[in-house]
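A structural walkthrough
Each chain, letter by letter, is given below.
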Amino acid sequence: MTLAQLSWLDLSVAAALVVLLAVLAARARLEVSRPLLISAARMVIQLALVGFVLEALFAHVALYWVSLMAMVMLILAGWEVVARQRRRLAGWWSFGISTGAMFISSFSVTVFALIALVQATPWYEPRYAIPLLGMLLGNTMNGVALSQDRLIEGAWQQRDVIEARLMLGQGWQEAMGSVSRESMRSGMIPLINGMAAAGVVSLPGMMTGQILAGSPPAEAVKYQILIFLLITVGSGFGTLLANRLVARRLFDERERLRVDRLVEMQSR
Amino acid sequence: MSACLVVENLDCGSVREVNFTLAVGECVSLAGASGSGKTRLLRAIADLDVHSGTVRLGGKDRQCFTPAQWRRRVTMVPAESHWWADTVGVHLNGSPDVDLEALGFGPEVRGWAVRRLSSGERQRLGLARAAALEPVVMLLDEPTANLDAEAIERVEHWLAERRQRDGTAILWVTHNAAQAVRVAQRGYRITASTLQQAFP
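Residues numbered from 1 in each chain as written. Chains lettered and ligands numbered in written order. Predicted model: local features only at pLDDT ≥ 70, side-chain atom pairs only at ≥ 80, totals over all residues.

Our next topic: the overall build of chain B. For chain B, the count of helices and strands is 7 helices and 10 strands. In terms of overall size, chain B behaves like a compact globule, its C-alpha atoms giving a radius of gyration of 16 Å where 200 residues would be expected to give roughly 16 Å. Seen through its principal axes, chain B has C-alpha atoms that stretch 45 × 35 × 30 Å. Within chain B, contacts between residues separated by at least 24 positions form 71% of all contacts whose residues are at least 6 apart in sequence. (Helix = DSSP H or I, 4+ residues; strand = E, 2+ residues; numbered from the N terminus. Rg over C-alpha atoms; globule rule 2.2 N^0.38 Å. Contact = placed C-beta atoms within 7 Å.)

Have a look at this one:
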């Protein structure tokens, strides 16, 4: 089976539908048209560029090139997490914590999967390493961004309740109680929903891609299961770690709630 | 009377060079214009805001206590109480029925929904909730601001009993000069960012 070729005209038709959606949203004054079009344009440009980069990377298999690509992806993911928040920790804290948590979780899970499960030769073979890391980072980024936004907003809106609990001698973790739980939940729910609906409601992207490219469905399914499990572990640990570090930073060494450490972002 | 709480050279931004002591079982009132820094001073003593200066309890520096230990001993009750669970009883685990009764509530109050409480009920229950910790010092920010005359009398009587029975020391913020003289043995006033003795 050969892959059906897509022409630029095919892509233009799909793009026209997005423009139509933006026009309708603008008429309804939903204020999503601008970010929708910007994101769509970014996606096209970024994917086109990454296509060239991947071709070059696959042609020159070297650990330092793979590492460089991975670091660029990580920094951009950290940047995206910060950019999606209404409020963030002042200075480099939000970026640092998000990037650090994503680095620890996504990179360790990717390296583990490459060495112990995929067993490619060499282990950093970019054909496996980059897509795997990309999927892990993308999902971890979503989890970290969602949960961090919810955590900081929750702490801001419920600062009086949190302080009331501190006044009654509760520790910072107990005082953050429901705010921490809610933020973890919002970070993990997309993953949990994704797994629960996989194969029943939706056919996941990677599996669909492999099948379209001609892989036997049974083989594509195995890869997809592996990816789902790895994404869940990487994203879950990343979200947990980032959540914990951000929550700690909201309090000082005397466990005072420090909302003065937050800055409001300009709406994009 | 022996000194229980000692505050030395405390600077919380809006009030500077604060020095005073609070004896065991003593009540000291604190007055001042709105925005003069009364609440900030209470928050600084409860270690809720960043500030400079020394605060000691029973001769021990605050740094000897963990933040949670400190706030259980030196407990602030804000002017407006905040609640995190739906039912009153969840917040009143340690409150004996006798305290609730003294503040005008029957034991059924534990089953009440927090959202249905009036501001006066919230204020009295906020006091009971803090008192359940058996603090050494209570920092009360206008504890009777939302209460009617009868409830004010109940609260004043209940707090006076606590002082005499348990030796609880109280720093009581009030705008009411008559109440200050009625409940406190000494009174301070914040004027031009400094703490000045108002009476005796």
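When its secondary structure is counted, chain A shows 9 helices and 2 strands. Seen through its C-alpha atoms, chain A measures out along the principal axes to roughly 70 × 50 × 35 Å. Expressed as a percentage of the 268 residues in chain A, the buried residues total 33%. Long-range contacts, defined here as pairs at least 24 residues apart, represent 74% of the contacts in chain A between residues at least 6 apart. (Buried ≥ 20, exposed ≤ 12 C-beta atoms within 10 Å, placed from the backbone.)

The residues that UniProt annotates with the feature "transmembrane region" (unreviewed entry) are residues 6-24, 36-58, 64-83, 95-116, 128-146, 191-213 and 225-246 of chain A. Secondary structure across residues 191-213 of chain A comprises 65% helix and 0% strand; the distance between its end C-alpha atoms is 25 Å. (UniProt positions renumbered as here; feature names shortened; annotations may be inferred.)

This part is about the packing of helix H8 (residues 205-212) of chain A against helix H9 (residues 217-249) of chain A. Residues and elements named next belong to chain A. Look at H8 against H9: their axes get within 9 Å of each other, and the N-to-C directions meet at 155°. Taken together, H8 and H9 sit at an angle that is classed as roughly antiparallel. As for how H8 packs across H9, the hand of that crossing is right-handed. Of H9, the residues touching H8 (which contributes Met206, Met207, Gln210 and Ile211) are Pro217, Ala220, Val221, Tyr223, Gln224 and Ile227. By residue class, the composition of the contact of H8 with H9 is 8 nonpolar, 2 polar and no charged. (Axes fitted to C-alpha atoms, helices over the stretch in contact; angles between N-to-C directions. Parallel < 35°, antiparallel > 145°, perpendicular 65-115°, else oblique. Left-handed = near helix turned anticlockwise from the far one by under 90°. Nonpolar A, V, L, I, M, F, W, Y, C, P; charged D, E, K, R; others polar.)

This part takes up the nonpolar core. The nonpolar side chains of a soluble globular protein tend to be buried, and buried together. In this structure, Val137, Leu139, Leu171 and Trp172 of chain B are the most contacted members of the largest nonpolar core, which totals 100 residues. By residue number, the principal contributor to this core is helix H5 (residues 126-157) of chain A, which donates 14 residues. Sequence-distant contacts of Leu171 of chain B, defined by excluding residues within four places in its chain, comprise Leu22, Val28, Leu30, Leu42, Val137, Leu139 and Leu140 of chain B. (Core = buried A, V, L, I, M, F, W, Y, C linked by C-beta atoms within 7 Å.)

Here the focus is the UniProt feature "domain: ABC transporter" (unreviewed entry) in chain B. According to UniProt, the "domain: ABC transporter" (unreviewed entry) feature falls on residues 5-200 of chain B. Span residues 5-200 of chain B is 32% helix and 27% strand, its end C-alpha atoms 20 Å apart.

Taken together, the 18 residues of chain B in the interface contact 16 residues of chain A. Residue assignment for the side of chain B that touches chain A shows that the elements contributing at least two residues are helix H2 (67-73), strand S6 (74-77) and helix H5 (119-131) of chain B. At 4 residues, the largest contribution of residues to the side of chain B that touches chain A is made by H2 of chain B. Its residues placed into classes, the side of chain B that touches chain A shows 10 nonpolar, 3 polar and 5 charged.

Moving on, we get to the domain arrangement of chain A. Residue and element names in this part refer to chain A. Each assigned domain of chain A is listed here: domain 1 (1-59) and domain 2 (63-264). Averaged C-alpha coordinates put domain 1 and domain 2 at centres separated by 25 Å. Listed per partner, the contact involves 6 residues of domain 1 and 9 residues of domain 2. Residue composition of the side of domain 1 that touches domain 2, by class: 6 nonpolar, no polar and no charged. (Domains from an automatic or database assignment.)

Bringing the sheet that holds strand S8 (residues 169-173) of chain B into the picture now. Residues and elements named next belong to chain B. With mixed pairing, the 6 strands of this open sheet are ordered in space as S6-S7-S8-S3-S9-S10. Each end of this open sheet is capped by a strand with a single partner; those strands are S6 and strand S10 (194-199). When strand polarity is set aside, the average angle formed by the axes of neighbouring strands in this sheet is 20°. (Pairing = 2+ DSSP bridges.)

On to the environment of Ser186 of chain A. Residues and elements named next belong to chain A. Along the chain, the position of Ser186 falls in helix H7 (residues 172-197). Owing to 18 C-beta atoms within 10 Å, Ser186 belongs among the partly exposed residues under this scheme. When the C-alpha positions of Ser186 and Val144 are compared, they lie 9.6 Å apart, and in sequence the two are 42 residues distant. The residues contacting Ser186, other than those within four sequence positions of it, are Leu146, Ser147 and Arg150.

Here we take up helix H1 (residues 8-27) of chain A. Residue and element names in this part refer to chain A. Its 20 residues place the ends of H1 28 Å apart at the C-alpha level, agreeing with the 28 Å of an ideal helix rising 1.5 Å per residue. Little of H1 sits out of view: just 0 of its 20 residues are buried. Backbone geometry just after H1 places Arg29 at a positive phi near 55°. (Expected span 1.5 Å × (residues − 1).)

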